[in-house]
Amino acid sequence: TSLKGSDDETLAFLGSIRDVSARIEHENALEAHNDALRAFHDITTDDSQSVAERTDAVLELGCEYLELDIGILSAIDGNEYTAEQVVAPDEAIRSGELFDLSATFCELVVDSDQLVAETNASRSELADHPAYDVQGLESYIGTPVVVDGERYGTLNFSQPVARQRPFTAGERTVVRIFAQWIGKELSQQRNKRRATANRDRLRQIIDLLPQLVFAKDRDN
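Residues numbered from 1 in each chain as written. Predicted model: local features only at pLDDT ≥ 70, side-chain atom pairs only at ≥ 80, totals over all residues. Heavy atoms only, no water.

1. Here's the deal with the overall build of the protein
Right, on to step 1. The helix and strand tally for the protein stands at five helices and eight strands.
Right, on to step 2. Mapped in sequence order, the helices and strands of the protein form the string β-β-α-α-β-β-β-α-β-α-β-β-α.
Right, on to step 3. For the protein, the residues scored as buried account for 36% of the 220 residues in total.
Right, on to step 4. Partitioning the intrachain contacts of the protein with sequence separation of at least 6 by distance along the chain shows that 52% fall at a separation of at least 24.
Right, on to step 5. Accessible surface, the protein: about 14100 Å² in total, of which carbon and sulfur atoms supply 49%. (Helix = DSSP H or I, 4+ residues; strand = E, 2+ residues; numbered from the N terminus. Buried < 20%, exposed > 50% of the residue type's maximum accessible area, 1.4 Å probe, protein only. Contact = heavy atoms within 4.5 Å. Areas by Shrake-Rupley, 256 points an atom, 1.4 Å probe, with all protein chains shown as cover.)

This is the structure:
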């Protein structure tokens, strides 16, 4: 609005400005969150791909969604950390590589049995962890992968450069969802292997018996 004098001359203006950048940022984050979940659904329901192929696709999706360079599904046995499946630029880390668990930030995930996230390790308690000097990672988010009620390993994403913004609640939730799906798929694979092994063992026993072996139903 404007303030006019007696001769209709404009003397001053009164206006208001509202910063909508926070709202726009929130809307963009929500859109990215929904896009990631839709892409995740498409990946996990694609039966034409193996579990390993779908897991690689989930790792790639996580890196893209979180804007981080490295995605790893690890298996942890005692203090031995195996990078089972890896998405990383220039093969900085390769699938099958072994590490000492204490030299990885995943040790913190194992100790707390919870998701651990940090966007700038040098300005946090993570700077005192041996992994900071060994791995040189600034940004990290990792969560446990549980198979049949037992810890299998971790799902984690990282990079050697600090992330410009903190991890949102939505991003943490997506990482947990990814890890839950991987745990479920690994459980199904394990159960299938056990069923196959039991069937093969039974067949071997039957083949070795000198007597005739047959099966009958309740009606004989």
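2. Concerning the side chain of histidine 33
Right, on to step 1. Secondary-structure assignment places histidine 33 in helix α1 (residues 21-44).
Right, on to step 2. Residue classification places histidine 33 among the buried residues on the basis of a relative accessible area of 16%.
Right, on to step 3. Here the side chain of histidine 33 touches tyrosine 65 through a polar contact of 3.4 Å, side chain to side chain. (Polar contact = N/O pair within 3.5 Å; in protein donor to acceptor, adjacent residues only side chain to side chain.)

3. Regarding helix α2 (residues 51-66)
Since the α-helix turns once every 3.6 residues, residues separated by three or four places project in the same direction.
Right, on to step 1. The end-to-end C-alpha distance of α2 is 22 Å, a good match for the 22 Å that 16 residues give at a rise of 1.5 Å each.
Right, on to step 2. Val51, Arg54, Thr55, Ala57, Val58, Leu59, Leu61, Gly62, Cys63, Tyr65 and Leu66 are the residues of α2 that are buried.
Right, on to step 3. Looking at the residues trailing α2, positive phi occurs at glutamate 67, about 60°. (Expected span 1.5 Å × (residues − 1).)

4. Here we look at the side chain of threonine 55
Right, on to step 1. Note on placement: threonine 55 falls in helix α2.
Right, on to step 2. Side-chain polar atoms of threonine 55 contact the backbone oxygen of valine 51, separated by 2.8 Å.
Right, on to step 3. Beyond its immediate stretch of four places on either side in the chain, threonine 55 contacts Leu73, Gln85, Trp181 and Ile182.

5. Looking at a nonpolar patch on the surface
Right, on to step 1. Together, Ile205, Leu209 and Val213 make up a nonpolar patch on the protein surface, roughly 240 Å² of accessible area in all.
Right, on to step 2. Tracing the backbone shows isoleucine 205 in helix α5 (residues 169-208).
Right, on to step 3. Judged by relative accessible area, isoleucine 205 falls into the partly exposed class, the value being 46%. (Patch = residues over 30% accessible without salt bridge, like charges linked within 9 Å, V, L, I, M, F, W, Y side chains within 5 Å. Salt bridge = Lys/Arg side-chain N within 4 Å of Asp/Glu carboxyl O.)

6. A short note on the pattern of salt bridges
Right, on to step 1. All told, the structure shown has six salt bridges when counted by the stated rule.
Right, on to step 2. A salt bridge links arginine 165 to glutamate 171, with the nearest nitrogen and oxygen atoms 2.9 Å apart.
Right, on to step 3. A relative accessible area of 29% means that arginine 165 is categorised as partly exposed.
Right, on to step 4. Through salt bridges that share partners, Glu67, Arg163, Arg165 and Glu171 make up one connected network.

7. Notes on the environment of leucine 73
Right, on to step 1. By secondary structure assignment, the location of leucine 73 is in strand β3 (residues 70-77).
Right, on to step 2. On the basis of relative accessible area, leucine 73 is assigned to the buried category, the value being 1%.
Right, on to step 3. In this structure, the C-alpha to C-alpha distance between leucine 73 and isoleucine 182, residues 109 residues apart in sequence, is 8.8 Å.
Right, on to step 4. Discounting residues that sit within four places of it in the chain, leucine 73 has contacts with Thr55, Leu59, Thr82, Ala83, Glu84, Gln85, Val145, Thr154 and Ile182.

8. Comments concerning the environment of arginine 190
Right, on to step 1. Here arginine 190 lies in helix α5.
Right, on to step 2. Looking at arginine 190, the relative accessible area reads 23%, which means it is partly exposed.
Right, on to step 3. Along the primary structure arginine 190 and aspartate 148 are separated by 42 residues, whereas in three dimensions their C-alpha atoms are 9.4 Å apart.
Right, on to step 4. The residues touching arginine 190, leaving out its near neighbours within four places in the chain, are Val147, Asp148 and Tyr152.

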